[in-house]
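In case you want the letters, here they are:
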Amino acid sequence: MLTPSEHGRRSSLGPVFFGLMLLAAYAIAYPGVFIGSETFFCRDYGSYSYPVAEYAKRSILHGTIPLWNPYSLNGIPFTAQWSPMVFYPATLIYLLIPTWYALPLFMFLHLVMGGVGMRQLLLNLTKSEKAASLAGFSFAFSGLPISLLCWPAHCAAYGWAPWVVLASLWAMELKCRKRLVLAALITTAQLLTGSPEIIAATWALAAAITIAKHGSNALKPLLVSWIFSLCLAAIQLLPFLGLLLNSNRLSESSLDWSVRPESLLNFIAPLFHTEPTPYGFAFPEAQKWLISYYVPAGLLAMLFIAPKSIWTQRVFIASILLLGLGLLLSCSPSLPFITKMLALTPVGIVRYPIKYLLLACMALHIAIGLGIAAAERELVSPRRLLPVFAAGILVLGFLMLDGQDAAARNFQVRFVIGLAICGTLLRTWGNPRPALTLALLALILVDVDTHTRFYPTMPKAEFLKERFVAALNQVGAERPELGKSRLQRMEVTRIQTPAGADHLARMTLLSRNRNLLEEVPSAGGFYSMYLRDQATLSGKLYAFENCTNNSASGYFDFVGVSVEQGENGKLRERKGALPMLTAGQIPVFAANEIETALAADLRTHVILPKTAASIFPDSGATVVSSSVTPHRIDAEILTHTNTALVIAESYYPAWKAFVNGRPVALLRANGAFQAVPLLPGKNVVLLLYQDEKFHAGVLLSAASVCLAISLLIWPRKTAKHQPQHE
């Protein structure tokens, strides 16, 4: 009789065929997206992911690395945001095919890669083809990964996660330098994807699994591999660190979006206590980040059916502990002692507790794979299914008593499919035929594909249709241009129905980051990190659904707002906008610069720090000429006294100022903007965006790449045999 591992080898589907099956699953879920007639549009996909990817693509095609984005939020670092993935090699797909098709394909392929990676990882841990395939399929095609389909960065990081864990196991062979370098390269690939939460969860999982399998001896090669990968990714990490230190993320945090303890039932009953949206899908209550975290009920049941001997495996114990930790942290606002513990850490980096479910989901699928493999080895009896059946009946009764009729009907389907999966597994342990595994994967596909409503799509032609210029022409307003004027921060005040109407309204107003598609400068924008002073300004100027503050008209004049949102929600022209570069204003030296700036007339005054006391007003100062590009500002100014050139562009340390060829200190003006001190006479001013952290990162990454190449191709020294003399 063949052992289970021998059965697995004989019934192997192969990673390529398995990957094609996963790709087919997403094609079934989103056929219009695959053939190119439809595309995603809602949530962050239309307002962040697509515009940012398109802007990065255009910049690179013009031969420019988009370090600074002058079109959003009065100017903000772009590449340093990390999530645009400017240095991630796989984004080259955007350059080869249209972004509207490349971006969904990018996300699908990375989730498929994650499923194949989880399968390979579990094959390494269990040698069970069936267990690895089932857990790998669920890892790539279940509630949580489908929820990530509006964030390319999260999809990419999630896809690399199991490969990083597997690479950490490879790194154990410290004497084999090629494997060590390969592990570092795989870890670097995930580092460049721009999802800190998933990267942190992956590293925690990799450390736990590797140490559980190999003991404390795993620590040294693991650290060597990780340090090497950090050096390889320095081109991205150092600019990110610079932005983080100047951002709002270290001082702000949110415990709003979390998992209520009772909402853990959503793992098997996806419609339990959900909040519907006009888009058709629903969120589990208390959070608006994941539309589902459903895991096929039949696979979860196998985790409880697994024999007791599984608890002797240290890898299984490690995965269960991480699963518990992830669930505990994701429920933290409901658990005061956990909230107090998190208050001692910089929780602003992980913005919402719900994101800790990423760690729980990864650990859960490893535990499921180990559990199925253990049940297969010991040929667990079908009678072990009886407690699971009883538990399912209790859950169904609870849903009906709670008045959750839709959730109860939905759970009935999950329950029946789950029983079919468990029963088939328990009765066919010794069956090596690939057709059986295919049948089980088909059941998982049907289960996941019907468990809830997914993200809607819209016709590609409607998504790409230009609407802003037509709306401008209707009101007779001029298009804002870089260096001359800006668009007001726009926001649709209410989600409209049908679902596509909401996106079309936002496209007309170029709200969030949609202005990047038209290269229209805007005072608004939507990013994961904001410059600290700009975030403070926005907090005082705007409410989420009220983007106009008439009491601060002087501020909007200063930043050059020439087009704003009218009372009827349409565009309208705004008078009084100043050019981006002005000079000679009356200086006001204040301790609280932002509050003073919002109360002052910034047409005639400039708010400066008290250290700039040598600046004087000059009513005769004239900006003779100016030129503004994303990373360079040129101007010629004639002055009569020591005054200042005031620039309505966000202050950031990477900007360097030169006057008549000499470097000068760049001042903070009006709380969050720039000013350059001038001398009497002709002043030729040059501002350059020179990010020293980016330059240091380039050098460190280049040196690390050279070292990696040399370690891969340089032959190892072997001991020479000395001839023996008689």
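Cut-offs and rules
Residues numbered from 1 in each chain as written. Predicted model: local features only at pLDDT ≥ 70, side-chain atom pairs only at ≥ 80, totals over all residues. Heavy atoms only, no water. Pairing = 2+ DSSP bridges. Helix = DSSP H or I, 4+ residues; strand = E, 2+ residues; numbered from the N terminus. Buried < 20%, exposed > 50% of the residue type's maximum accessible area, 1.4 Å probe, protein only. Contact = heavy atoms within 4.5 Å. pLDDT = per-residue confidence, 0-100. Axes fitted to C-alpha atoms, helices over the stretch in contact; angles between N-to-C directions. Expected span 1.5 Å × (residues − 1). Arc of directions from axis to C-beta. Polar contact = N/O pair within 3.5 Å; in protein donor to acceptor, adjacent residues only side chain to side chain. Core = buried A, V, L, I, M, F, W, Y, C linked by side-chain atoms within 4.5 Å.

**So, the sheet that holds strand β7 (residues 486-487)**
Pairing in this open sheet of 3 strands is mixed, and the strands run β7-β8-β9 from one edge to the other. Pairing within the sheet leaves two strands with one partner each, and these edge strands are β7 and β9 (571-573). Summarising the sheet, β7 and strand β8 (residues 561-565) pair through 2 bridges and their orientation is parallel. Note on β8: the bridge partner recorded for L487 is V563.

**A closer look at unusual backbone geometry**
In this structure, L73 takes a positive phi of about 55° despite not being glycine. The residue L73 is located in the loop between β2 (68-69) and β3 (76-77) in this model. The exposure class assigned to L73 is buried, which follows from its relative accessible area of 7%. One non-glycine residue, W82, lies in positive phi territory at about 80°. Assignment of secondary structure puts W82 in the loop between β3 and α5 (93-96).

**Digging into the environment of G560**
Among the secondary structure elements, G560 is positioned in the loop between α26 (553-559) and β8. Excluding residues that lie within four positions of it along the chain, G560 makes contacts with S485, R486, A577 and L578.

**A short note on the confidence of the model for the protein**
Confidence in the prediction of the protein, expressed as mean pLDDT, is 87, and 90% of residues score 70 or more. For residues 1-11, every residue scores under 50 in pLDDT, and the model assigns this stretch 13 contacts once sequence neighbours within four places are set aside.

**As for the sheet that holds strand β14 (residues 632-639)**
Spatially, the 5 strands line up as an open sheet ordered β13-β14-β20-β16-β17, and their pairing is antiparallel. In this open sheet, the two strands that pair with only one neighbour each are β13 (622-629) and β17 (662-664). On average, each strand axis in the sheet is tilted by 25° relative to the strand beside it, whichever way the strands run. For strand β16 (residues 655-659) and β17, the ladder comprises 3 bridges, and the chain directions are antiparallel. Residue pairing in the sheet places F658 in a bridge with P663 of β17.

**Some remarks on helix α28 (residues 692-713)**
With 22 residues, α28 ought to run about 32 Å at 1.5 Å a step, and its terminal C-alpha atoms sit 32 Å apart, in line with that. Of the residues making up α28, those classed as buried are F694, G697, S701, S704 and A708. Summarising the axial view, the buried residues of α28 lie within an arc of 95°, below the 170-degree limit, and thus occupy one face. Facing away from the buried side of α28, by more than 90 degrees, are the exposed residues E692, L699, C706 and I713. Where α28 is buried, its residues contact α10 (177-191), α12 (219-232) and α13 (234-245). Where α28 starts, the residue carrying a side-chain oxygen 3.1 Å from the main-chain nitrogen of K693 turns out to be D691.

**Brief notes about the nonpolar core**
Counting 220 residues, the largest nonpolar core has Y30, F141, L149, L357, L645 and V676 as the members making the most contacts within it. At 16 residues, the largest contribution of residues to this core is made by helix α17 (residues 357-377). In this view, L645 contacts L581, T582, A583, V623, A635, I637, Q674, A675, V676, L678 and V685; residues no more than four positions away in its chain are not counted. Core analysis: the next-biggest nonpolar cluster, separate from the first, contains 11 residues, F468, A471, L472 and V563 among them.

**A word on the side chain of T126**
Here T126 shows up in helix α6 (residues 99-126). Here T126 falls in the buried class, since its relative accessible area comes to 11%. Within the structure, T126 has its side chain in polar contact with the backbone oxygen of L122 (distance 2.6 Å).

**Some thoughts on the pairing of β14**
Burial along β14 is one-sided: the residues I633, A635, I637 and T639 are buried and none of R632, D634, E636 and L638 is. Bridge count for β13 against β14 is 7 bridges, and the pairing is antiparallel. Note that in β14 the partner of V623 across the bridge is I637. Linking two consecutive strands that pair antiparallel, namely β13 and β14, is a turn of 2 residues.

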